[in-house]
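Below, each chain spelled out in residue letters.
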Amino acid sequence: MNLITTLLLAAAGAAAPPTEVAVLSTLHGLHAEVPGYGDAALADAIRDLSPDVLCLEVSPEALAERRAEKVKVEYPAVVYPLLDRERYDTCTLEPEREAAQAIIGPYVAANQAFSDGSPDAAKAFSGYGEAMYALLKHHWRDAASVNDATTDQMMQGKHAIQEALIGPGEAAGWAAWNRHFSERVREAAAKHPGKRIVALVGAEHGYWLRRDLASTPGITLLDTASLLRRVENGVREH
C-alpha cells in the first residue's frame, strides 16, 4: 500500500461523526393545562436531553428581541431564562418576516376559503380538533408521552384530514413551513458534527420533523420519548 492510499484511507476513516438530533415537542399555552409537562418539566426535559445546540421555533428577529409571545409562551417563561443559565449554542427554525409571509399568506387564504365555503365541514373539523386535544390531555402524563408515537400518530392523522378537507393550499403551506424547520436543523447539524441538537417545536410539528429527519445522512435521529424515560429511570446518557 503506497503512502497516498494510506492517507486517503485515513481521511475516510476520520470522516465527521454524525450529529445527534432529538425533536422535543412543546405545548405552548397547554403546558399550563398538563400537570406533568408544565414549565418546570419542560426545562427539565431540555436539560435531560443534554443538548449542545438548541434549535428554537422562533424567527431570528424574535430571538434577538426576546419578545413576548402570544402563542409560544414557553419562550419567555422557560426557554430564554434557560439560555441565560446554560449558554447553549442556538439556531432559529422560523424564517425571517418576508419569507414567512410568502409561506403563510397562501396557507391562511386556503383556510379562510374553506371556512367561508364549507362552514359545516369547518365546524365539524373544529369540533374534531377540540375532542382530539381533550383526549390527548388525558394521555399526556409527562414530557415523554407528549413525544411518543401515539401523540405523533394523532397529530399526523389530524393533518391528513385537514389537508384532505382544505386542499392543496393547506398541504403546500404546511409542508413548506415544516420543510424550513428541517432545513435549518440540517444546517445546524452540518455546523456541529458529532454534537447533539435538540429541536423545540410545537407538538403538531413533531411527527413531520421526526419523519423527515429520520433518513438524513449525517444525522442520527434520537428517540426523544425513550431518552426521557431513561432519565426518569435514573439512566442518564450523553
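Placed above this text is the structure.
Residues numbered from 1 in each chain as written. Predicted model: local features only at pLDDT ≥ 70, side-chain atom pairs only at ≥ 80, totals over all residues. Heavy atoms only, no water.

S.K.: Even after reading the chapter, I still don't get unusual backbone geometry, so can you show me in this structure?
M.R.: Glycine aside, residues mostly have negative phi angles, and peptide bonds mostly take the trans form. Of note in this structure, Ser-50 is not a glycine but carries a positive phi near 50°. Residue placement: Ser-50 occurs in the loop between helix H2 (39–48) and strand E2 (53–56). Phi is positive for Arg-87, which is not a glycine, with a value near 60°. Note on placement: Arg-87 falls in the loop between helix H4 (74–86) and strand E3 (89–92). (Helix = DSSP H or I, 4+ residues; strand = E, 2+ residues; numbered from the N terminus.)

S.K.: Quick question: what am I supposed to make of the nonpolar core here?
M.R.: Soluble, globular proteins show a tendency: their nonpolar side chains are buried together. One finds Leu-24, Tyr-37 and Leu-56 to be the most contacted residues of the largest nonpolar core, which totals 40 residues. Setting aside residues no more than four positions away along its own chain, Tyr-37 makes contact with Leu-24, Ser-25, Thr-26, Leu-27, His-31, Leu-42, Ala-45, Asp-142, Ala-143, Val-146 and Asn-147. One finds Val-21, Ala-100, Phe-181 and Ala-189 within the second-largest nonpolar core, a separate group that totals 19 residues. (Core = buried A, V, L, I, M, F, W, Y, C linked by side-chain atoms within 4.5 Å. Buried < 20%, exposed > 50% of the residue type's maximum accessible area, 1.4 Å probe, protein only. Contact = heavy atoms within 4.5 Å.)

S.K.: For this particular structure, what's the right way to read the packing of aromatic side chains?
M.R.: Two numbers describe a pair of aromatic rings. These are the distance of the centres and the angle of the planes. The tally for this structure, following the rule as stated, stands at 4 aromatic pairs. Here Trp-177 and Phe-181 contribute two aromatic rings whose centre-to-centre distance is 6.1 Å and whose plane-to-plane angle is 55°, an arrangement assigned as tilted. With Trp-177 and Phe-181 both in helix H9 (residues 168–191) and 4 residues apart, the pair spans about one turn of that helix. The same class applies to Trp-177 as to Phe-181, namely buried. (Phe/Tyr/Trp six-rings, centres within 6.5 Å; stacked < 30°, edge-to-face > 60°.)

S.K.: Just checking my understanding: could you explain the environment of Ala-99 for this structure?
M.R.: You can see Ala-99 is positioned in helix H5 (residues 97–117). Its relative accessible area of 40% is what places Ala-99 among the partly exposed residues. Along the chain, Ala-99 and Ser-25 lie 74 residues apart, while their C-alpha atoms are 24 Å from each other.

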